[in-house]
Every structure is written in C-alpha cells, then in structure tokens.
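Each chain, letter by letter, is given below.
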Amino acid sequence: MITLSNLTKTFGDSTAVNAIDLEIANGEFFSMLGPSGCGKTTTLRMIAGFEEPTSGRIELAGEDVTWTSPKKRNVNMVFQNYALFPHMTVRENVEFGLKIKKLEKARATERIERMITAVRLEGFESRHPAQLSGGQQQRVALARALVNEPAALLLDEPLGALDLKLRKEMQLELKSIQQQTGTTFVYVTHDQEEALTMSDRVAVMNGGNVEQVDDPRSLYEKPRSEFVADFIGTSNLLKVEVETWDGDIARAGLGDGLRITCRESGDRASAKTITVRPEKINVHAGPVDPGQGSLVRGRIIENVYLGSMTQLIVELSTGERLIVHELNDDSGGPSEAGTEVYLSWATDHSFVIEGAAKAPDQQAALPAGAESL
C-alpha cells in the first residue's frame, strides 16, 4: 500500500529523516515508534503530503505521490487534538468530508451509519463535541476520517491526551476498528506498550534512522541493536568475552563456577553483547546447576513492589546491575534488599545483539521547533 524509498528530510544542516526504506502492506496496522525527535512524525507528514521530502520517493498503491498535493492523496490523518468542529453535531462532523466531495446522498447516509456503528457511537449522533468524553471525541475523529474510505489512515499519537485507563481501552478499540474496516493504519507513537499492543509490525526509529522493522514479538524477543533492546521494554545488557565454544553455544567464564552462555551460529568473535529480559531470570538463595544456561552471583540492592510483580535490582561482583522481575505468586526466590542471591537463565534467553547503540551526540540534532514535526 505504501512504499518509501530512500526518503530523506533535512532542516538546514540537520537530518530529521535519513534515507529510510519502508514497505507497508495493504490492510496492515503499522506503527512507527521512537523517542521525540527521531523523525517518526516527519515521516508521517511526508506520507500525508504536509511536508515535502528533501529526496526520495513515496508511492501509494503503486502510484508515485512524492510531489502530489495532500488533497489529491487518498489518505486521511487523525491528530492528537482531534480537530473536531465544536458547532457541529457528531453526525455533522462525520459527514463533513462527504459533503465536500458532494457524494450522492443515499451513499453518504449508508457510509455515515456504517461508520457511527463501527465506532460504537449509536445514540450520540445529535451531541456536540463538548458533550462527549475524550474517548468518544477520539472515535468521532476516527469515523470522520474513515467515512471517506481512504487507502490509508495516518494517526499521529491520537491517544496522547487520554488518561491511562482510557488509553488502554482505546488501544483495543482502535485495533478492533482497523480489523473491522480493513483500512491500512500507519500509527506514530513514543509509547512502546501502545505499539506492541496494536501493531502487526513496528518500525523502531532513532535519530532519523530505522533501527529495526519487525512484528512485536520479534522486536521484544530478538532486538537487533542495543537501542531497540533498551527502548522496547526493560532489558539487561551485558558485555562478555567468550572463552570456549560448545557447538553453537558460547561460554563466558566468570570464575567460581559462574558463567554466561549464549547461542551463536554465525559470528565467532570473542566479544559479545547480550541482552536478557528481566522476567527470564530466576532468583535462587544458593548455587544451582543451570544446565547449559547462565549462572551469576550478586546482592539485591533494591526491591520495588509493582503490584503483580516485584522488581529487584541485583548488583554483581563485577559492578554491573541486573533488573529482575518476579511474579508475586509466593513461588519466587529471596527478594529482601541486602540478600546474597544467585541468578540463572536459559541459554536461549541470552540474545546476542549484533549492532551497537548510538550515543546521544550521534543522533540528529533538530533545529528549534522541529521536534514537533
């Protein structure tokens, strides 16, 4: 549905989007995820036609629209502030675009009714935006955009103004509406949980570059760079020196029978950076046999109760700190601060990072005001 080829946008001497290539499938819920100033909204605005690229190509359904005006592109955009007309009712807001297009009345009525039903606003047609909750206003904005049957709907952090509980509810509703309509959604967010919850695939952006494009599970379980591992969820990064190989299992000895293992079928370099997720780590009061897995020793220095789980910060003898998540189901190991513990995890839970994290000064420095683009 959407193809971006070598797409670049510069502001003066600063590069906001750096020669990115993306393909977004028809009917896909695709998210662009990253911190402020990473270029995700600039990319979205170039797809919409609100920003002209410095170079590169944008195709929509096989047609080159790089220099086509926004009103001639078959896409609609939903913003964080919804931009509803306060003097119009829900129905009038939804039908506004169809009036501009002068669609035949019977067809327009059928589309309006279908969209109001899709966003579950039956009975609210005669209300004005001020009489609606934030979630209802957001659904009106969605209906107004979808009623025009765009090839793609572009959404720029549309849930950012909602409270946490409502935002979580709307995440599920958005995914349901997207599946029901079959419209291609391109969604911009800095909220990792939001992207993982709703998306078929996610592009993680950093400093104007695309670090990784993958499905949510692969992004979380198999990050390809330190930036992705650190930005998606909570992760522990460890730099190790491989001492021995056992087939495709690399072993880094730490002395006293302690070791870290990882699986590596390609690169036999001795220096490795691995990531292990906090929920994959087991806590033990004493030494255990981890089989082919990893075993390290440390001391709990912090204990944080988080409701369904407890977060432990464990300092190793090397000075490195690991974050551990233990479910509060009375089956976990020791958790009191100051306690000496052993941590173990399976070999396959040490995932090897191929890339390197970008230092902050390597990221594109945008001019004043450009971060909002």
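Residues numbered from 1 in each chain as written. Predicted model: local features only at pLDDT ≥ 70, side-chain atom pairs only at ≥ 80, totals over all residues. Heavy atoms only, no water.

**Quick notes on the overall build of the chain**
Turning to step 1, where the next piece is worked out: A count of helical and extended segments in the chain gives eight helices and 21 strands.
Turning to step 2, where the next piece is worked out: The C-alpha extent of the chain, read off along each of the three principal axes, is 80 × 45 × 40 Å.
Turning to step 3, where the next piece is worked out: In the chain, which comprises 373 residues, the proportion classed as buried is 48%.
Turning to step 4, where the next piece is worked out: As displayed, the chain offers around 17400 Å² of accessible surface, 48% of which is attributable to carbon and sulfur atoms. (Helix = DSSP H or I, 4+ residues; strand = E, 2+ residues; numbered from the N terminus. Buried < 20%, exposed > 50% of the residue type's maximum accessible area, 1.4 Å probe, protein only. Areas by Shrake-Rupley, 256 points an atom, 1.4 Å probe, with all protein chains shown as cover.)

**Section: unusual backbone geometry**
Turning to step 1, where the next piece is worked out: Despite not being glycine, Asn6 shows a phi value in the positive range, around 50°.
Turning to step 2, where the next piece is worked out: Look at Asn6 and you get partly exposed, because its relative accessible area is 42%.
Turning to step 3, where the next piece is worked out: A positive phi angle is found at Ala61, which is not glycine, with a value near 55°.
Turning to step 4, where the next piece is worked out: By the secondary structure assignment, Ala61 is in the loop between strand E4 (55-60) and strand E5 (63-64).
Turning to step 5, where the next piece is worked out: With relative accessibility at 57%, the residue Ala61 sits in the exposed group.

**Re the nonpolar core**
Nonpolar side chains in soluble globular proteins tend to end up buried together.
Turning to step 1, where the next piece is worked out: In this structure, Leu142, Leu153, Leu155 and Leu174 are the most contacted members of the largest nonpolar core, which totals 34 residues.
Turning to step 2, where the next piece is worked out: Broken down by secondary-structure element, the contributors of at least two residues to this core are helix H2 (90-101), helix H3 (105-118), helix H4 (134-146), strand E7 (152-156), helix H5 (164-181) and strand E8 (184-189).
Turning to step 3, where the next piece is worked out: In terms of residues, this core owes the most to one element, H4, which gives six residues.
Turning to step 4, where the next piece is worked out: Leu174 has contacts with Phe29, Gln138, Leu142, Leu155, Leu159, Phe185, Tyr187 and Met198, leaving out every residue within four places of it along the chain.
Turning to step 5, where the next piece is worked out: The next biggest cluster of nonpolar side chains, apart from the first, holds 28 residues, and it includes Val17, Ile24, Phe30 and Leu60. (Core = buried A, V, L, I, M, F, W, Y, C linked by side-chain atoms within 4.5 Å. Contact = heavy atoms within 4.5 Å.)

**A look at the sheet that holds strand E2 (residues 14-24)**
Turning to step 1, where the next piece is worked out: An order of E2-E1-E4-E5 is seen for the four strands of this open sheet, with the pairing classed as antiparallel. Of all the strands in the sheet, the pair left with one neighbour each is E2 and E5.
Turning to step 2, where the next piece is worked out: The strands that helix H1 (residues 40-48) touches are strand E1 (2-11), E2 and E4; relative to E1, the one it contacts most, it runs at about 120°. (Pairing = 2+ DSSP bridges. Axes fitted to C-alpha atoms, helices over the stretch in contact; angles between N-to-C directions.)

**A look at the layout of surface pockets**
Turning to step 1, where the next piece is worked out: In this model, the largest pocket occupies a volume close to 680 Å³.
Turning to step 2, where the next piece is worked out: If you go around the largest pocket, you meet 23 residues; those closest to its centre are Val75, Asn76, Met77, Ala145 and Asn148.
Turning to step 3, where the next piece is worked out: Elements supplying a minimum of two residues to the lining of the largest pocket: strand E6 (75-78), H2 and H4.
Turning to step 4, where the next piece is worked out: Its volume calculated, the second largest pocket comes out at about 340 Å³.
Turning to step 5, where the next piece is worked out: When contributions to the lining of the second largest pocket are tallied by element, the ones reaching two or more residues are helix H7 (216-221), strand E15 (271-276) and strand E21 (351-352). (1 Å grid on protein atoms, 1.4 Å probe; cavity = no way out; pocket = protein on both sides within 12 Å on 5 of 7 lines; lining within 4 Å. Points joined across faces, edges and corners; volume = space filled by probe spheres on them.)

**Topic: the environment of Thr3**
Turning to step 1, where the next piece is worked out: You can see Thr3 is positioned in strand E1.
Turning to step 2, where the next piece is worked out: Here Thr3 falls in the partly exposed class, since its relative accessible area comes to 22%.
Turning to step 3, where the next piece is worked out: Taking the C-alpha atoms as reference points, Thr3 and Val341, separated by 338 residues in sequence, lie 51 Å from one another.
Turning to step 4, where the next piece is worked out: Among residues more than four places away in sequence, those in contact with Thr3 are Leu22, Glu23, Arg57, Ile58 and Glu59.

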